Amino acid sequence: MTFKVVIPARYASSRLPGKPLLDIAGKPMVVRVAEQAVASGAEEVVIATDHERISDVVEQHGYSVVMTRADHASGTDRIAEVVEQRGWAGDAIIVNVQGDEPLIEPTLIQDVANNLASHPEASMATACHSLHDTPSILNPNIVKVVLDNQGHALYFSRAPIPYPRDAFAANQDVPNDMPIYRHIGIYAYRAQFLNAYAALKPAAIEQFESLEQLRVLWHGYKISVQVTQKAPASGVDTEADLAYVRSVLIAQQNLPL
């Protein structure tokens, strides 16, 4: 089974301007992400950006880049433009790897692609892992997903879902046998669906929750969700995240601090 990886990389970031170009143990972050994507076995890895500086750095490191419009509402919209520019076949599988995930496991990228390939009824695939601690479940920055009995997403939310009514009413922690899953922000799509996605009207629930995948569910498409046993390493959203990721890669490579 073959698949491609597209890495959306915007220059603008409210908390970390120029985030894709931040140094991570001697290399720009977007290059670190591209290295993990190549290690996944993808037949093609493309960085999709709206900024010339990112484009120049990516090409200097030998990776393929596509310049896209600056007004895309989401990474999925940006990837849809890449599909259109490249003219990829409708049945091609494309994995969206976030440009701020330099520690993403190559096997997770491959697993999500395989999940979509084995579920022809689904238009997208993604991943999740179990949550057990109450603070994480209540944290609106941690997106939760509820699944049906076929492993398809029923809903994504920043709220605690499903809600353990009786336990919370009694000021107790979440029951150990209650399945609560944290959504992992990685997606696989077929090119033909991305062509359709670009024309879908944004949904109110997508805008209220600020979760682009809700547009897909609102329009009636299925998302297959793989439950992984291993929580992914931290992405980079804050200065603290950046320091942590740098320390991990420095330790892995035995580099001086």
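Residues numbered from 1 in each chain as written. Predicted model: local features only at pLDDT ≥ 70, side-chain atom pairs only at ≥ 80, totals over all residues. Heavy atoms only, no water.

How do you make sense of the overall build of the protein when you look at a structure like this?
Within the protein, the regular secondary structure consists of ten helices and eleven strands. Computed over its C-alpha atoms, the radius of gyration of the protein comes to 18 Å, within 12% of the 18 Å expected for a compact globule of 257 residues. Taken along the three principal axes of its C-alpha coordinates, the protein extends 60 × 45 × 35 Å. Of all 257 residues assigned to the protein, the portion counted as buried reaches 52%. At a minimum sequence separation of 6, the contacts of the protein that also span at least 24 residues come to 65%. Looking at the protein as shown, the accessible area adds up to about 12300 Å², and 49% of this sits on carbon and sulfur atoms. The centroid of the 20 positive side-chain charges in the protein is displaced by 2 Å from the centroid of its 29 negative side-chain charges. (Helix = DSSP H or I, 4+ residues; strand = E, 2+ residues; numbered from the N terminus. Rg over C-alpha atoms; globule rule 2.2 N^0.38 Å. Buried < 20%, exposed > 50% of the residue type's maximum accessible area, 1.4 Å probe, protein only. Contact = heavy atoms within 4.5 Å. Areas by Shrake-Rupley, 256 points an atom, 1.4 Å probe, with all protein chains shown as cover. Lys, Arg positive; Asp, Glu negative; His and termini not counted. Charge placed at Lys NZ, Arg CZ, Asp CG, Glu CD.)

What am I meant to see in helix α10 (residues 239-253) here?
The terminal C-alpha atoms of α10, which comprises 15 residues, lie 21 Å apart, in line with the 21 Å expected from a rise of 1.5 Å per residue. Taken together, the buried positions of α10 are occupied by D241, L242, V245, L249 and I250. The buried residues of α10 occupy an angular sector of 160 degrees when the element is viewed end-on, so they sit on one face. Every exposed residue of α10 that faces more than 90 degrees away from the buried side is listed here: A240 and A251. Residues of α10 that are buried in the fold lie against β2 (23-24) and α1 (29-39). (Expected span 1.5 Å × (residues − 1). Arc of directions from axis to C-beta.)

Explanation requested: the nonpolar core in the structure shown.
Across soluble globular proteins, nonpolar side chains show a tendency to be buried alongside one another. Grouped together as the largest cluster of nonpolar side chains are 44 residues, with contacts concentrated most on V5, I7, I47, V95, V97 and I186. A total of six residues in this core trace back to one element, the largest contributor, which is α1. In this structure V97 touches V5, V6, I7, P8, V33, I104, I109 and I186, once residues within four positions along its chain are discounted. Judged by nonpolar contacts, the second largest core, of 32 residues, contains V46, I79, A153 and I223. (Core = buried A, V, L, I, M, F, W, Y, C linked by side-chain atoms within 4.5 Å.)

Explanation requested: the environment of G18 in the structure shown.
Along the chain, the position of G18 falls in the loop between β1 (4-9) and β2. The exposure class of G18 is buried, given its relative accessible area of 6%. C-alpha of G18 to C-alpha of R53: the two residues are 35 residues apart in sequence and 9.4 Å apart in space.

What is the right way to read the side chain of S40 from this model?
Here S40 shows up in the loop between α1 and β4 (44-49). Within the structure, the side chain of S40 is placed 2.5 Å from the backbone oxygen of A37, a separation counted as a polar contact. Within polar-contact distance, the side chain of S40 engages the backbone nitrogen of A42 at 3.4 Å. When residues no more than four places from it in sequence are discounted, the contact partners of S40 are F3, V5, P106, I109 and Q110. (Polar contact = N/O pair within 3.5 Å; in protein donor to acceptor, adjacent residues only side chain to side chain.)

I tried to follow the pairing of strand β6 (residues 93-96) on my own but got confused; where do I start?
Regular strands have side chains that alternate between both faces of the sheet. Along β6, one buried face is formed by I93 and V95 and the opposite face, lined by I94 and N96, is buried too. Relative to strand β10 (residues 181-190), β6 is paired through four bridges, and the arrangement is antiparallel. From the neighbouring strand, N96 faces β10, where its bridge partner is Y187. (Pairing = 2+ DSSP bridges.)

Which parts of the structure should I look at to understand the pattern of salt bridges?
Any two side chains of opposite charge can pair, given that their charged atoms come close. Enumeration according to the criterion identifies twelve salt bridges in this entry. A salt bridge links K4 to E43, with the nearest nitrogen and oxygen atoms 3.0 Å apart. Placement of K4 in strand β1 and of E43 in the loop between α1 and β4 is noted, with a sequence separation of 39 residues between them. Its salt-bridge partner being R215, residue E206 comes within 2.9 Å of it at the nearest N-O pair. Judged by its relative accessible area of 3%, R215 is buried. Where salt bridges share partners, they join K4, E43, E44 and R86 into one cluster. (Salt bridge = Lys/Arg side-chain N within 4 Å of Asp/Glu carboxyl O.)

What is the right way to read unusual backbone geometry from this model?
What is expected of a backbone is that most residues other than glycine have negative phi and most peptide bonds are trans. Omega for the peptide link from I161 to P162 comes to -15 degrees, which places this bond in the cis form. Relative to the elements of secondary structure, P162 occurs in the loop between β9 (153-157) and α6 (165-169). Its identity as a non-glycine residue notwithstanding, N171 has a phi of 60 degrees, on the positive side. With respect to the helices, strands and loops of the structure, N171 is situated in the loop between α6 and β10.

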